[in-house]
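Each chain is listed here by its residues.
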Amino acid sequence: MRQYLSTILDWLGFRSYIKIPNRGFEDLSSKEISLMIDSYLDNGNNYFESNALYEFLLMRYKNKEIENVRNEINSIHQLHKRPDAPDGLSTTAGKKALFDLSQRLRDS
């Protein structure tokens with residue numbers, strides 16, 4: 001059923017930010033979240049669209065581990081944003097913090 005829905009959404013022009021079959025943001029493991037961060041840092045990969053990280057941040061999650069990671073990414077954004085760089089994730093320091101978070105998630 002999920003694949004059928006995905007096919008309909010593709011046909012209507014909707015894109016999935018997650019390229020892993022049958023996965024939603026709420027279903028992601030720590031290692032998959034690290035792949036999503038890597039996709040943002042590397043401008044896309046085989047698992048996620050490069051802007052999936054921004055979509056991930058727009059929702060709240062019942063899964064406490066996923067919600068904690070979302071909060072940590074939001075904290076990185078807040079910590080590194082400046083008037084000349086309103087997107088704290090895209091700053092050099094923000095990217096370094098995301099890289100470190102990705103490594104930690106991959107190793108957990």
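Cut-offs used in this document
Residues numbered from 1 in each chain as written. Predicted model: local features only at pLDDT ≥ 70, side-chain atom pairs only at ≥ 80, totals over all residues. Heavy atoms only, no water. Helix = DSSP H or I, 4+ residues; strand = E, 2+ residues; numbered from the N terminus. Buried < 20%, exposed > 50% of the residue type's maximum accessible area, 1.4 Å probe, protein only. Contact = heavy atoms within 4.5 Å. Areas by Shrake-Rupley, 256 points an atom, 1.4 Å probe, with all protein chains shown as cover. Phe/Tyr/Trp six-rings, centres within 6.5 Å; stacked < 30°, edge-to-face > 60°.

J.: Sorry if this is basic, but what is going on with the overall build of the protein chain here?
T.: Scanning the protein chain from terminus to terminus reveals five helices and zero strands. Reading the protein chain from its N end, one meets helices and strands in the order α-α-α-α-α. Across the 108 residues in the protein chain, those meeting the buried criterion constitute 35%. For the protein chain, the proportion of contacts with a sequence separation of at least 24, taken over those separated by at least 6, is 50%. Summed over its atoms, the accessible surface of the protein chain is roughly 7100 Å², and 54% of this surface lies on carbon and sulfur atoms.

J.: Whenever I open this one, the packing of aromatic side chains confuses me. Can you help?
T.: Any two aromatic rings considered together are summarised by their centre-to-centre distance and by the angle between their planes. Tallied over the full model, the rule gives three aromatic pairs. Aromatic side chains Tyr40 and Tyr54 sit 5.5 Å apart centroid to centroid with 85° between the ring planes, which places their arrangement in the edge-to-face category. Remark: Tyr54 occurs in helix H3 (residues 52-57) and Tyr40 occurs in helix H2 (residues 30-42); sequence separation between them is 14 residues. Judged by its relative accessible area of 13%, Tyr40 is buried. On the basis of relative accessibility, which here comes to 31%, the residue Tyr54 falls in the partly exposed class.

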